Amino acid sequence: RPRTSAPFVFTVMMRSAALLVLTAAPSFAFMHGGSVLPLAQRGTLAASGSSGLRLKPRGSEGVVGLKSLLGESDKKAKHQRGGDLVLRKAASVPAPANWEEWVEKEPAYISTPVAGRYSSEDWLYNLFTLASSYMTMRVMSHVVANVAIATLVWAAYAHWSPAFAAVCAGLTTVPHSLTAGALSLLLVFRTNSAYDRFWEARKIWGALVNTVRDCARMAHIHLTGLEREHFISCLACLPSLLLQHLQKLEPIYRPELLSKTQIAAIQGCLSESDAELLWKSRNRPFTLIKMMGAILHRNGRDTKKLAARYNGGDRGENLSEFEILTYQAAQINERNVLEMTLTLFCNQMGACERIVKSSVPTSYTRHTSRFLSMWCFTLPLVLVHSLGAVMIPVVGIMGWMLFVIEEVGHVIEDPFNVHCMVAGSGQEDELRIEASLAVLRGDSFERIPASQPALLEKQGNFVTDAEYETYEFHDDWVKSRS
């Protein structure tokens, strides 16, 4: 027959379909909980299908053969893995905790503190406290000068000079209307650029908080003894000393080098010799990072301590070659991850210094200030003819609104020194930085998940040379299995 005839094509198609079904069946069985055929048996099955297997409409020989072949491979797999009992045996686990009882007990803390937020219900309070607003006080001299000029313009217009009154009557508000758009763009750009710096500082400090906690976690796991205690003591002091490094002294608002919150966060952490080194250094937080790196270097070279840690004798003679290679890889990995966190600290410190040491270009700030002052000072001239004496409070209110917008940009431009801008307002810690110092100290010293009773009784904020392992809680979990 010609090889292009319909029966021949149909036969080839049926054989191809049979081959596809037989080769895909093991994967389908695996997806639905069945066993997997070895690769060699798949090849045998495929070969047998291509050589002579045919699909029969009413027969089941092919299916039965497939089931028997899958059953044999399943038995072999079970035999190789230790039998059906080992595969299906459920692991015994400890009794689950009764959380209904635990919620009745008082926890160490309720929830993380939430920053204060503005509510629409505060509008009346905000209105009544307008006169005592610290932002108003900061721009008061500018507002008073603007009101004084408006008063002089009105007096000259109404009483002193008819010629001046005639000139004012001929003036129009068109120039102010045309330049108001440009002024608004300058003010918006000024506040947006300042807020970008504010938000960037918050993100950098948030990354620093994460790095401190991550470093504390790894230090408690990978370091032991006095090296661990000295390392986490330096770590607990790093945020406070970095913040002090970024803040400037101010005779009224910040006369002391360290605030009370900063002193409380570092009290009892460092020795006199450590404090002497820091006070003689050119960069205190950077020196602290170098001290932590030196502790890691010292810990990695103490061979006797490392041998004792792994029960290797005085010089590791009790360890096999496999154990030596395993512990060596662990030591290299531990050292590398801790060194990487120190690198992150250096990067974050540099990012904070970039914000403190750079500012919005002076030419832009000065031009905005000059533009705003000239616009407000000339505003009474074009309003006195139409508003009369009412022009004075109108100019004062408009000037206050525009001057405060500009001042907001000045205040948040240096987010680490907001305390010098709005001292006494309750907003000195806009970034919630000083509020996080005590929290980071506690996170650094907290021993949990170490479960020794002595460590749990006086949790956090203490230095100890007691040896403990942070995985003891897992050993207790394993022992408590039912």
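In what follows, the accompanying structure is described. Just so we're clear, the structure is a prediction, and the values are computed from it rather than from any experiment. (Residues numbered from 1 in each chain as written. Predicted model: local features only at pLDDT ≥ 70, side-chain atom pairs only at ≥ 80, totals over all residues. Heavy atoms only, no water.)

## Considerations on the overall build of the protein chain
(1) Moving on: Of the regular secondary structure elements, the protein chain holds 20 helices and 0 strands.
(2) Moving on: Classification of the 482 residues of the protein chain by burial places 36% in the buried group.
(3) Moving on: Within the protein chain, counting contacts between residues at least 6 apart in sequence, those at least 24 apart form 72% of the total.
(4) Moving on: When the accessible area of the protein chain is evaluated, it comes to approximately 30,000 Å², of which 62% is carbon and sulfur surface. (Helix = DSSP H or I, 4+ residues; strand = E, 2+ residues; numbered from the N terminus. Buried < 20%, exposed > 50% of the residue type's maximum accessible area, 1.4 Å probe, protein only. Contact = heavy atoms within 4.5 Å. Areas by Shrake-Rupley, 256 points an atom, 1.4 Å probe, with all protein chains shown as cover.)

## A look at the packing of helix α13 (residues 284–301) against helix α15 (residues 321–357)
(1) Moving on: Contact geometry for α13 and α15: axes closest at 10 Å, N-to-C directions at 175°. Relative to α15, the element α13 is oriented roughly antiparallel. Here α13 contributes Pro285, Phe286, Ile289, Met292, Gly293, Leu296 and His297 to the contact with α15, which in turn contributes Arg335, Leu338, Glu339, Leu342, Phe345, Cys346 and Met349.
(2) Moving on: For the contact of α13 with α15, a count of residues per class yields 10 nonpolar, 2 polar and 2 charged. (Axes fitted to C-alpha atoms, helices over the stretch in contact; angles between N-to-C directions. Parallel < 35°, antiparallel > 145°, perpendicular 65-115°, else oblique. Nonpolar A, V, L, I, M, F, W, Y, C, P; charged D, E, K, R; others polar.)

## Some details on the side chain of Ser436
(1) Moving on: Mapped onto the elements of the fold, Ser436 is located in helix α18 (residues 434–445).
(2) Moving on: At a separation of 3.3 Å, a polar atom in the side chain of Ser436 contacts the side chain of Trp205. (Polar contact = N/O pair within 3.5 Å; in protein donor to acceptor, adjacent residues only side chain to side chain.)

## Considering α18
Helical geometry note: an α-helix holds 3.6 residues per turn, so side chains three or four residues apart project in the same direction.
(1) Moving on: Where α18 is concerned, the buried positions are Glu434, Ser436, Leu437, Leu440, Arg441, Gly442, Ser444 and Phe445.
(2) Moving on: Buried residues in α18 make contact with α9 (174–222), α10 (225–246) and α11 (260–266).

## Thoughts on α15
(1) Moving on: With 37 residues, α15 extends 54 Å between its outermost C-alpha atoms, agreeing within 8% with the 54 Å of an ideal straight helix rising 1.5 Å per residue.
(2) Moving on: Among the residues of α15, Gln331, Glu334, Leu338, Thr341, Leu342, Phe345, Gln348, Met349, Ala351, Cys352, Glu353 and Ile355 are the ones counted as buried. (Expected span 1.5 Å × (residues − 1).)

## Describing the nonpolar core
(1) Moving on: By size, the foremost hydrophobic cluster in this structure holds 45 residues, and its most contacted members are Trp205, Phe231, Leu288, Met292, Phe345 and Phe416.
(2) Moving on: Every element with two or more residues in this core is listed here: α9, α10, α11, α13, α15 and α18.
(3) Moving on: If one sorts the elements of this core by residue count, α10 sits on top with 11 residues.
(4) Moving on: Setting aside anything within four residues of it in sequence, one finds Met292 in contact with Phe231, Cys234, Leu235, Leu238, Leu342 and Phe345. (Core = buried A, V, L, I, M, F, W, Y, C linked by side-chain atoms within 4.5 Å.)

## Details of the packing of α10 against α18
(1) Moving on: Relative orientation of the contacting elements α10 and α18 amounts to 170°, with a least axis distance of 8 Å. For the element pair α10 / α18, the angle class is roughly antiparallel. For the pair α10 and α18, the contacting residues are Ile232, Ser233, Leu235, Ala236, Pro239, Ser240 and Leu243 in the first and Glu434, Leu437, Leu440, Arg441, Ser444 and Phe445 in the second.
(2) Moving on: The residue makeup of the contact of α10 with α18, split by class, is 8 nonpolar, 3 polar and 2 charged.

## Some thoughts on the packing of aromatic side chains
(1) Moving on: Under the criterion given, the structure shown has 2 aromatic pairs.
(2) Moving on: For the ring pair Phe189 and Tyr364, a centre distance of 4.9 Å and an interplane angle of 70° mean the geometry is edge-to-face. Taken together, the residues Phe189 in helix α9 and Tyr364 in helix α16 (residues 362–387) connect sequence positions 175 residues apart.
(3) Moving on: Residue Phe189 is classed as partly exposed on the basis of its relative accessible area of 48%.
(4) Moving on: The positively charged end of Lys105 is found above the aromatic ring belonging to Trp102, 4.1 Å away from the centroid.
(5) Moving on: The positively charged end of Arg284 is found above the aromatic ring belonging to Trp279, 5.0 Å away from the centroid. (Phe/Tyr/Trp six-rings, centres within 6.5 Å; stacked < 30°, edge-to-face > 60°. Lys NZ or Arg CZ within 6 Å of the ring centre and 35° of its normal.)

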